[in-house]
Amino acid sequence: MQRVGRHGRQLPEGGPLENGVGQEPGTPEPAPAEAPAAPRAPRARPRLVFHTQLAHGSPTGRIEGFTNVRELYAKIAEVFNISPTEILFCTLNTHKVDMQKLLGGQIGLEDFIFAHVRGETKEVEVTKTEDALGLTITDNGAGYAFIKRIKEGSIINRLQTVCVGDSIEAINDHTIVGCRHYEVARMLRELPRAQPFTLRLVQPKKAFDMIGQRTRSSKSPGEGRAATGKETLRLRTQGPAVLEEGPSPSEEEAAHRVDDLLESYMGIRDSELASAMVEAAKGSPGADQLARGLDSVLGEFAFPPEFVAEVWSAVRHPREGQE
């Protein structure tokens, strides 16, 4: 976020005008010329300062002047004298590994930011006995994909060492740092059945009261989003961050339905992507137009036609009682 300068243009120097030479006695002196009016300084944007702590415990720091997630991590790292690559993800208003409180593309102006940093590294051998591992993947927007949900009764659920919040650093010694969540989900889907593979995971550093917890978040409308009706700071990949009103309840519900579809079709959850798709669907008269619109801005995802049709229907014609 760019800060607006406080000073306007400097006025030219100079005193009042002098009388001309040879002026006749008794002639009234000319009135001094009025100084040009000072130009109005540009209106300053509000100074947005957020409070932050490391989730495992630290003093409280103050950060400001960021536009996107990478800059946010850099500001937090500067406050606590750590590397930005140490930060796995952030939660809002809780130090716990709570996937319903993940920091996404919006931050409420009153939100308190907790940064979860790298803890222990562990390696887990997995044998894919079914097509689906039971993992839902998301990412932090700065190069780390991590586990957002573990399905009850799944292959991964039976491995007690794998937890929600663990960052996936490598698959079979092939580093995936820098990959987006959908790329990681695709790699895991394409692994052959009955052939063991190794996951290298990094768990968030835990405070004393968090050790041993194995979190599984439940589905909740507005997951990972700022509170409805409050002014929020929206972070953007390109361009300055902007202040805007929080989404309406109907927009929250539509985004949650689309996020559920993302999970069922692609094995990822991404509230900001879901919100962007809701906006695109609201402006599309049909599924075909929505598909073309998504391809133009989100072509890297390669959404299947049946998925796009369900997204359009979920936004434009939600079934009665659909949650």
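Everything below is about the structure shown above.
Notes on the structure follow. Bear in mind that the values here come from a model prediction, so they are computed numbers and not experimental data.

Quick look at the overall build of the chain now. When you go through the chain residue by residue, the secondary structure sums to 6 helices and 12 strands. Counting all 323 residues of the chain, 44% fall into the buried class. Across the chain, every contact between residues at least 6 apart in sequence was considered, and the portion connecting residues at least 24 apart equals 64%. Of the roughly 17,900 Å² of accessible surface on the chain, 49% is carried by carbon and sulfur atoms.

Now for the pairing of strand S6 (residues 135-139). Burial of S6 is extensive: 5 of the 5 residues sit out of reach of the surface. Both faces of S6 are covered, namely the face carrying Leu135, Ile137 and Asp139 and the face carrying Thr136 and Thr138. Looking at chain direction, S6 and strand S7 (residues 145-150) are connected through 5 bridges and run antiparallel. Across the sheet, residue Asp139 finds its bridge partner in S7, namely Ala145. Where S6 hands over to S7, the hairpin turn is made up of 5 residues, of which Gly141 adopts a positive phi near 80 degrees.

What counts as what
- Residues numbered from 1 in each chain as written.
- Predicted model: local features only at pLDDT ≥ 70, side-chain atom pairs only at ≥ 80, totals over all residues.
- Heavy atoms only, no water.
- Helix = DSSP H or I, 4+ residues; strand = E, 2+ residues; numbered from the N terminus.
- Buried < 20%, exposed > 50% of the residue type's maximum accessible area, 1.4 Å probe, protein only.
- Contact = heavy atoms within 4.5 Å.
- Areas by Shrake-Rupley, 256 points an atom, 1.4 Å probe, with all protein chains shown as cover.
- Pairing = 2+ DSSP bridges.

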